[in-house]
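# Fold and contact review
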Number of protein chains: 2
Amino acid sequence: MNPTEQSAAVEDQEAPVQPLNAAKPESDVAIGSLFVDKVKAEKSAVEKEPEAFRQAVANILERRSFYNPSFDIYGGVAGLLDYGPSGRLVELNVLSLWRKYFVNEEDMLEVGCSALTPEIVFNASGHVKKFTDLMVKDEITGAFHRADHLIKGYCERRKKDVSISAEKAAEFDNLLAAVEDLSAEELGAKIKEYGITAPHTNNPLSHPPRPFNLMFQTSIGPTGSALGYLRPETAQGIFVNFKNYYNDNGRKLPFAVAQVGRVFRNEISPRQGPIRAREFLLAEIEHFVDPENKSHPKFPDVESLELLMFPREEQEMSGQSAKKLCLGEAVANGTVNSETLGYFIGRVYLFLVCLGIDKERLRFRQHKAKEMAHYAADCWDAEIDCSYGWIECVGIADRSAYDLLAHSKKSGVALEAEAKLAEPIEVEKLIFTPAKKELGLAFKGDQKNVVEALKALNEQEAMKMKATLESKGEVEFEVCTLGKNVTIKKDMVSISKEKKLVFERVFTPSVVEPSFGIGRIIYCMYEHCFSTRLSKAGDQQLNVFRFSPLVAPIKCTVFPLVQNQQFEEATKVISKQLKSDGIKHKIDITGTSIGKKYARADELGVPFAITVDSQTSVTIRDRDSRDQVRVSLKEVASVVTSMAEGKKTWQEVCGRLNV
Amino acid sequence: MNPTEQSAAVEDQEAPVQPLNAAKPESDVAIGSLFVDKVKAEKSAVEKEPEAFRQAVANILERRSFYNPSFDIYGGVAGLLDYGPSGRLVELNVLSLWRKYFVNEEDMLEVGCSALTPEIVFNASGHVKKFTDLMVKDEITGAFHRADHLIKGYCERRKKDVSISAEKAAEFDNLLAAVEDLSAEELGAKIKEYGITAPHTNNPLSHPPRPFNLMFQTSIGPTGSALGYLRPETAQGIFVNFKNYYNDNGRKLPFAVAQVGRVFRNEISPRQGPIRAREFLLAEIEHFVDPENKSHPKFPDVESLELLMFPREEQEMSGQSAKKLCLGEAVANGTVNSETLGYFIGRVYLFLVCLGIDKERLRFRQHKAKEMAHYAADCWDAEIDCSYGWIECVGIADRSAYDLLAHSKKSGVALEAEAKLAEPIEVEKLIFTPAKKELGLAFKGDQKNVVEALKALNEQEAMKMKATLESKGEVEFEVCTLGKNVTIKKDMVSISKEKKLVFERVFTPSVVEPSFGIGRIIYCMYEHCFSTRLSKAGDQQLNVFRFSPLVAPIKCTVFPLVQNQQFEEATKVISKQLKSDGIKHKIDITGTSIGKKYARADELGVPFAITVDSQTSVTIRDRDSRDQVRVSLKEVASVVTSMAEGKKTWQEVCGRLNV
C-alpha cells in the first residue's frame, strides 16, 4: 500500500490520530460534552417510546448472542433463556466484579450448596406454605394467569384512556401501588368489579384466585417417596450450615457467607425476557451479626454518599417519589434501621454504578409495613428504572433471627453464637441431663435424634415437661427429625435449675441479606448502556453499547488495515500477548471497510479497537470518544490490558501519562 | 522483643532463614530429594490401606471446610454435598485454570444454557429411553440397589478369599471387567447364580433387574401437564442452539462451544462422596468439525507427549494394563481415530498434571466396542487412580453427527454447516416448493411447523411423498413439533428434481466432546496432593496438602511474630496489597506457636507463609521445602503474588532471580 492509500484508509477511521503522550487538544473537551448532550437527547426520546426502545435493544441482544430463548428449535419454553457467548462473558465479568466488591473486600466466605433440597428444609423455612402466587384460570382454555398481573395490566391500560375522571385515575394509581399486598379475596373482588377477563381469549376467569406454589417439585432417589424441591433462593443452604461457617470464622461475629448459584421459580406467567425467568442466577450474602450490635466499622466509608431513597412514609403519601438523601443521615435519623443495613445499601449503590447503571435511574425503596415479611426488621430494594418501569434488582433485608430459629426448631440443632460478657453475671440456668442408658434402651438407633430434640427445648418447654413428668410419670414428645411422637419417662431425663456464673451470652444471630438478581441487573445495564449515534457520513443511526471495559464481553478488536504478511504477523504478536494477559479480543479480517468494522464492534460494546497499519506502531481507537492514539507495537497490548482491567482510563492513556 | 527472643522465635520456624537473592546452598537439593523419597514411601504405605487413607483425607476435607454433606442438621441426603469456603475456592481456581487451558487457549465460545429442559429435547437425544441404570429391589424393605454394583461388590469381596481357585479368581476378574456391559437378563442370572442378597439386610432381591431413568422429573408451568427434566449433562443445550453458535463463529468450522454448569442425576445408590453425587458440576466442550477433515492444526504441540494409554485390544487380553504410548504414534497408527481426538487427549493430560494429578496414576482408557454408544466413532476416558480405584474423570468422545441429526430430525430444523468445494460439481437436487396460500388456509398457525417438517425430509422420503401424492392425491404426514399427523394434499407442495451446479458441500458436523467431571477431578487431586510428614521434633505426624499455588484455596498466611503495634501495622500493609492483587490470604493472630500455625496452614495446603518479624523486612516460608527467605516489606506482596499466580516458582524467587 502506498502512503496515499494508507492515509486515506486511516481517514476512514473517523477521527484524526494523535500520538500517544501528546497533550490532549482543548477542542476535545468541547466535542466530548457535545456528544454527551446528544446521547441524553436520544435517551429522553427513547423514554417516550419504551416499547420501541426495548424492542430495538432486544433485537441486538439476540442478534449479537447475548441471549436467546432456550430450546428455540422446539418452539422454546416460556421463562427459560440461554446465555450466548457475549451474554455469558458479561455474566462472568459481572460476577467477578461482584466478588471483588463484596466477597474479597469484606473477606466473606463463599460457598456452593445443593440446589436439590429435601422437603423438610422448605417446611422449616415456610416456603412450602407461603412461597406462592395467587392465580386464576381461564375457564375455557385452562390457561393460568397471575391475578395481580391481570389487575395491573387492566389499570395500566385504563389509565391511558384520556376520558376517565381524575378520581378514577387516582383509584388506578392507588391500586397499582397496593396490588401486591392484596389477599385472594380482595384480588378476586377487584377482578369481578372491573369485569376483567382472560387475556387474548376474553373468557371468564375462575373465582376466587388460588395460591400456587412457585417451587419446582421432584422426587429424590428411586423410591419416588422422598419429595424434594429445586431451591428458589440460595440462602437456606447457608442457614442450615451455619454451625460450620461460624466455626470456619473462628466463632466470631459479624461475618458473612456468600453464594452465587442458579435458582428456580415456576412462574405462573413468565414474561419480560430476563426480568421474570423460571431459572436464573442469584448472588446472595448472609451477613450474620449480633442483634445487640448492628454497627459496622466501615460505615464511615459510605456515609457521605447521596442516593435516591424512597422511605415507606413517603410512599404512603400520594404524589411522592424518591429523593436524594445522605446515607449517614438516613441511618442517624432511623430511616434505615442500622449501620450494617446502611453499609450494604451504600456498597450496592457503588457496585451498580460501577457496572454502568445510571445513578439517576437507581433508587432504594423501603418495603412498606404490609409488604415486609412479619419477621423482617427492615428491608430496602435497589430498584432500577428501565423500559419495564422500576424493577427490583437487589433486595437488602434485615431478616432478624427468623431463619436460624426456624431451622433450629425444626432440626433440633442449636444454631447460635456466643459473645463474651463485659462482666460475668449470675443466672438461673436450666440443667438438662439425659439418662443415656434408659434412653438407649428405649429408643436404640433413634436415641441421638431424641436427645437432640430434648436439648433444643427452651426453658419454658423444659419446665412444663418437668412438671408433667413429676405429676404423670411420662410425657408425649414430638421429635421432628423422626417425624413421630415418643414417650419420655421420668427416669430418662433429669431437669433442674441451678444458679451459675455466666461469662458468655449465647444468642441467635440476626441476618442482614443483600440478594442480587444478576440477570435483572445485567438486563437493566444493557438498557442503560445502549445508545445510538449518527455515522460519520450522517446517513445512518449506529448502535453503541457503552459498556465499562470491566464488563464488556470483548475488550478489544484487532484489524489488520490490509491483508498482507507483515500486518498479519504484527496482528499475531498483539493477539498472543493479549491472550497471555487473559484479555478477550477478536481479530476481524473480513473484507469490509474499517468504518463498518468499528460499527460492528461498537454494537457489541467493544471499548477499544486496534488497527494494525504499520509493522512498528498501531492505532488504538476509543469507542465512546472515537478518538485515536498511536502506540508502538511493543506496548499496545499492555496499554489495552491496563484499560481493560480498569487500571487506567482512556483519558489517562491519551496524552497525559507515560504508559 | 530483644534480639535473643527474636532469634529464638525465628528458630521456631523450623528452617534457617536465607536472604533473598543469595545462591541456594547445595545441600538443599539433597534435602529436597530426601523429602520426596519419604513422601513416596508414605504414599505406598497408604496405598496398602486405601480405606484408612481415604478416611484420613475425608476427615481433613470435612474439618477444614472443603465440603460437607448437604442438609446435615436434617440427617443429610445421600448424594448431595455442599462446598464449604475452602472447597468453593478450589473449585473456582480449577474452573479458572480450565478456562485458561481450554476456552481461552482455543478461542472457544462459552455459553450458559438452562438446566430445566422440556421432555421433547430428551426424547430426541434418547435420554428418556436410554439414560437408565438397572436396579433390583430388596423384597422386604423396598430399598433399591444397582444390580451391577451388587455384583461388583460380591466379586471384590470373594476375590479377597485366599481359598478360592485360580479359575474362580479369573472368573471374578472377567466379570468385573465386563459387568457394565451386561443386559438385565445377564445381570439377573449372575445374581441368582451367586445367590446375592440385599446389602445389610440379606433379604431376597427382585428379579430380573429393571431399568430406572436417572433424570429428575418435574413439571414446568402451573398446569402440571408440561413434563420437564433437569439436565443430566450440559451438551444438549449446546446442540439445540447449534445454528446460533455457528453464526457467531462466522459460519466457519471447526469451532468449539464450552459450558460449565450443574447437572443432576438421580443415582439409585449414591456413594463414594464426591465421586458419585446426584448434583455436580460438569465442564463440557462440544468441538464441531467437518467429518471429512478431523486434522488439528495444533496437534504438533502435543504429539510428542508420552502418556499411559490403554487401547481396547489390550483390555480384551487378560493381564494387560495401561502402557506409556507416544500420542503422535497412537494417532498415526490409528489407535486414536483422529488428530482432533488426540489433541484433546493431550490437552486434558496437560491440564490434569498442571492441577496436581500424579501422571503415573492417570491413564487414558479406550472404550471397548460394546461399551461405546452405537453412534460413537471413538471414545477415551481419562481415568485417575485413587483410593476407590480407577475413576473416570474426563470422557473424550467422537460422537459423530449423532446429536445434531437427532435434534434436526425431531425439530424439523436443519442443523448443518457448509464448506466451499474445490471445484463446483453438478448434482441432481431436490426442489421443494411449498404453496404458501394452500398451506396457510389448511394449517393456519401450524403452517410454520408443517413447512419446517416438510423441509427436513431427506431426498428419499420426499420422492416417496411425491409418488404417493401423484397416485393418491394426498398423504398422511407426521409433524413431530406438533405431536400429530396432518394431511398433505397435492396442491400444497411441488417436489421435483433439477440438475444444478453446486459450489458448496452441506453436511452435518461431527462432534468431539471432552466432558469433565469437575468434582471427581478435584477429589482425586485432593488424594494425590495429600501427604504426611514428621514434625520438626519428630513427635507428630503432620498433614500437608501439596496443592499447586494456582489451585490452593488460600495462597498465603500472614503471622505477626508477636502482637505489637508495629508488627500489626506491617501486617495491615501486606494484607492490603495482597487484597488489591486479588490474592486470598489469612491473617493468623491467635496466640499459638509459629510451629502450630505452620501446621494448621500446611493442612489447608497454603503454599506460602509470611512471618512479620520486623518493621522493614519479613520472612516467607515455602510449605513444601520448609525453606525460608527474607524479603523487604515493600516487595513481599508482589513476590507472593507472582508465585501465587504461577508466574514465578519458589526456586526462582529463592536466590536466583531479582524479583
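Quick notes on the rules
Residues numbered from 1 in each chain as written. Chains lettered and ligands numbered in written order. Predicted model: local features only at pLDDT ≥ 70, side-chain atom pairs only at ≥ 80, totals over all residues. Heavy atoms only, no water. Least-squares fit on C-alpha atoms with pLDDT ≥ 70 in both. Contact = heavy atoms within 4.5 Å. UniProt positions renumbered as here; feature names shortened; annotations may be inferred. Helix = DSSP H or I, 4+ residues; strand = E, 2+ residues; numbered from the N terminus. Salt bridge = Lys/Arg side-chain N within 4 Å of Asp/Glu carboxyl O. Buried < 20%, exposed > 50% of the residue type's maximum accessible area, 1.4 Å probe, protein only. Phe/Tyr/Trp six-rings, centres within 6.5 Å; stacked < 30°, edge-to-face > 60°. Lys NZ or Arg CZ within 6 Å of the ring centre and 35° of its normal. Polar contact = N/O pair within 3.5 Å; in protein donor to acceptor, adjacent residues only side chain to side chain. Nonpolar A, V, L, I, M, F, W, Y, C, P; charged D, E, K, R; others polar. Pairing = 2+ DSSP bridges. Axes fitted to C-alpha atoms, helices over the stretch in contact; angles between N-to-C directions. Parallel < 35°, antiparallel > 145°, perpendicular 65-115°, else oblique. Left-handed = near helix turned anticlockwise from the far one by under 90°. Expected span 1.5 Å × (residues − 1). Arc of directions from axis to C-beta.

Moving on, we come to the relation of the copies chain B and chain A. Note that the two copies of the chain are related through a rotation about an axis and a translation along the same axis. Note on the copies: chain B fits chain A at an RMSD of 0.1 Å, the axial shift is 0.0 Å, and the rotation between them is 180°. Here the two chains are linked by the operation of a two-fold rotation axis. For chain B, the minimum C-alpha distance to the rotation axis belongs to Thr218(B) and amounts to 2.6 Å. In this assembly, 100% of the residues forming the interface of chain B have copies in chain A that are likewise at the interface, indicating an isologous arrangement.

All right, on to the UniProt feature "domain: Aminoacyl-transfer RNA synthetases class-II family profile" (unreviewed entry) in chain A then. UniProt marks residues 174-549 of chain A with the feature "domain: Aminoacyl-transfer RNA synthetases class-II family profile" (unreviewed entry), using the numbering shown here. As annotated, residues 174-549 of chain A comprises 29% helix and 34% strand, and the C-alpha atoms at either end are separated by 42 Å.

All names here are of chain A. In total, this model carries 86 salt bridges over all chains according to the counting rule given. For Glu106, the salt bridge is made with Arg347, and the minimal N-O distance between the two is 3.9 Å. One end of the pair, Glu106, is in the loop between helix 4 (85-104) and strand 4 (109-111); the other, Arg347, is in helix 14 (residues 339-355), and 241 residues separate them in sequence. Its relative accessible area of 13% is what places Arg347 among the buried residues. The closest approach of N and O atoms between Arg146 and Asp133, which form a salt bridge, is 3.1 Å. Here the residue Arg146 occupies a position in strand 7 (residues 144-146), and Asp133 occupies one in strand 6 (residues 132-137), the gap between them amounting to 13 residues. The same class applies to Arg146 and to Asp133, which are both buried. Ionic contacts of the salt-bridge type, sharing partners, join the residues Asp133, Arg146, Asp148, Glu267 and Arg276 into one network.

This brings us to the packing of aromatic side chains. Tallied over the full model, the rule gives 62 aromatic pairs over all chains. By the ring-pair criterion, three or more aromatic residues cluster together here, those being Phe53(A), Phe66(A), Tyr526(A), Phe530(A), Phe545(A) and Phe547(A). Above the face of the Tyr388(A) ring, Arg54(A) is positioned so that its terminal group lies 3.9 Å from the ring centre. Over the ring of Tyr598(B) we find Arg621(B); its NZ or CZ atom is 4.1 Å from the centre of that ring.

Turning to helix 15 (residues 402-411) of chain B, a few remarks are in order. Among all positions in helix 15 of chain B, only Asp403(B), Leu404(B), Ala406(B), His407(B), Ser408(B) and Ser411(B) are buried. Structurally, helix 15 of chain B contributes buried residues whose contacts are with helix 5 (119-125), helix 10 (235-240), helix 11 (242-248), strand 12 (279-289) and helix 17 (447-455) of chain B.

What follows is about the interface of chain B and chain A. Taken residue by residue, the interface counts 68 residues in chain B and 68 residues in chain A. Inspection of the region where chain B meets chain A yields four salt bridges. For Asp107(A), the salt bridge is made with Lys579(B), and the minimal N-O distance between the two is 3.5 Å. In this structure, the connection of chain B to chain A is made through 34 residue pairs in polar contact (both at pLDDT 80 or more). With six residues, helix 4 (residues 85-104) of chain B is the largest single contributor of residues to the side of chain B that touches chain A. Among the residues making up the side of chain B that touches chain A, the classes are represented as 33 nonpolar, 20 polar and 15 charged.

Further remarks concern the pairing of strand 19 (residues 474-479) of chain A. All names here are of chain A. Burial of strand 19 is one-sided: the residues Val475, Phe477 and Val479 facing one way are buried, the residues Glu474, Glu476 and Glu478 facing the other way are not. Direction of pairing for strand 19 relative to strand 20 (residues 484-489): antiparallel, over a ladder of six bridges. Opposite Glu478, over in strand 20, you have Asn485 as the bridge partner. Joining the antiparallel neighbours strand 19 and strand 20 is a turn of four residues, in which Gly483 adopts a positive phi near 70°.

This next bit is on the side chain of Ser70(A). By secondary structure assignment, the location of Ser70(A) is in the loop between strand 2 (67-69) and strand 3 (81-83). Of note is the side chain of Ser70(A), whose polar atom sits 2.9 Å from the side chain of Ser114(B). Once you skip the residues sitting within four places of it in the chain, Ser70(A) turns out to touch Gly76(A), Val77(A), Leu80(A), Leu81(A), Asp82(A) and Ser114(B).

The next point concerns the sheet that holds strand 22 (residues 510-517) of chain B. Residues and elements named next belong to chain B. If you walk across this open sheet you meet the nine strands as 4-11-12-22-17-16-15-13-14, and the pairing is mixed. If you trace the sheet from one side to the other, it starts and ends with strand 4 (109-111) and strand 14 (323-326), each paired once. In this sheet, adjacent strand axes meet at a mean angle of 30° when their direction is disregarded. Sheet topology note: the strand 17 (residues 389-398)/strand 22 ladder contains five bridges and is antiparallel.

The next point concerns the packing of helix 7 (residues 147-159) of chain B against helix 8 (residues 166-178) of chain B. Packed helices, taken two at a time, are described by their axes: the angle between them and the distance between them. Residues and elements named next belong to chain B. Look at helix 7 against helix 8: their axes get within 10 Å of each other, and the N-to-C directions meet at 150°. In this view, helix 7 runs roughly antiparallel relative to helix 8, as classed from their interaxial angle. Handedness of the crossing formed by helix 7 with helix 8: left-handed. In contact with Ile151, Lys152, Tyr154, Cys155, Glu156, Arg158 and Lys159 of helix 7, helix 8 contributes Phe172, Asp173, Leu175 and Leu176.

Attention shifts here to the packing of helix 16 (residues 436-443) of chain B against helix 17 of chain B. Residue and element names in this part refer to chain B. Contact geometry for helix 16 and helix 17: axes closest at 9 Å, N-to-C directions at 125°. Between helix 16 and helix 17, the crossing angle belongs to the class labelled oblique. In this structure, helix 16 crosses over helix 17, and the sense of that crossing is right-handed. Contacts between helix 16 and helix 17 involve Lys436, Leu439, Gly440 and Phe443 on the former and, on the latter, Gln447, Val450 and Val451. Of the residues that constitute the contact of helix 16 with helix 17, the class distribution is four nonpolar, two polar and one charged.

Now for unusual backbone geometry. Residue and element names in this part refer to chain A. Backbone torsion omega between Leu253 and Pro254 reads -10°, so that peptide bond is classified as cis. Tracing the backbone through its elements, the reader meets Pro254 in the loop between helix 11 (242-248) and strand 11 (255-264). A positive phi angle is found at Phe71, which is not glycine, with a value near 55°. Here Phe71 shows up in the loop between strand 2 and strand 3. Residues other than glycine seldom take positive phi values, yet Asn202 does so here, at roughly 60°. Tracing the backbone through its elements, the reader meets Asn202 in the loop between helix 9 (184-194) and strand 8 (210-213). Residue classification places Asn202 among the exposed positions, given a relative accessible area of 56%.

Before going further, it helps to spend a moment on the sheet that holds strand 8 of chain A. Two modes of strand pairing occur in sheets, parallel and antiparallel, and in both the strands are linked by backbone hydrogen bonds. All names here are of chain A. Reading across the sheet, the three strands line up as 7-6-8 and stay open at both edges, with antiparallel pairing between neighbours. Each of the sheet's edge strands pairs with one partner strand only, and the pair in question is strand 7 and strand 8. Neighbouring strand axes in the sheet, compared pairwise and without regard to direction, differ in orientation by 55° on average. In the sheet, strand 6 pairs with strand 7 via three bridges, with the strands oriented antiparallel. For Val136, the partnering residue across the bridge sits in strand 7 and is His145. With respect to the sheet, helix 7 (residues 147-159) is in contact with strand 6 and strand 7, its orientation differing from that of strand 7 by roughly 65°.

Below, the discussion takes up helix 18 (residues 459-472) of chain B. Residue and element names in this part refer to chain B. Across its 14 residues, helix 18 extends 20 Å between first and last C-alpha, which sits within 8% of the 20 Å expected from 1.5 Å per residue. Along helix 18, the positions that sit buried rather than exposed are Ala462, Met465 and Leu469. Buried residues of helix 18, seen end-on, are gathered within an arc of 60° and therefore sit on one face of the element. The exposed residues of helix 18 that point more than 90 degrees off its buried face are Gln460, Lys464, Glu470 and Ser471. Tucked inside the fold, the buried residues of helix 18 contact strand 18 (417-434), helix 17, strand 19 (474-479), strand 20 (484-489) and strand 21 (493-507). The distance from a side-chain oxygen at the start of helix 18 to the backbone nitrogen of Gln460 is 3.2 Å, and the residue carrying that oxygen is Asn458. Residue Gly473 follows helix 18 closely and has a positive phi angle near 85°.

So, on to the side chain of Ser411(A). For Ser411(A), the position within the fold is in helix 15 (residues 402-411). Here Ser411(A) falls in the buried class, since its relative accessible area comes to 2%. A distance of 2.6 Å separates a polar side-chain atom of Ser411(A) from the backbone oxygen of His407(A). The residues contacting Ser411(A), other than those within four sequence positions of it, are Thr481(A), Ile73(B) and Tyr74(B).

Of note, Val121(A) is situated in helix 5 (residues 119-125). Between the alpha carbons of Val121(A) and Gly237(A) there is a distance of 9.0 Å; along the sequence they are 116 residues apart. The contacts of Val121(A), once residues within four sequence positions are left out, are Gln236(A), Val240(A), His407(A), Phe71(B) and Tyr74(B).

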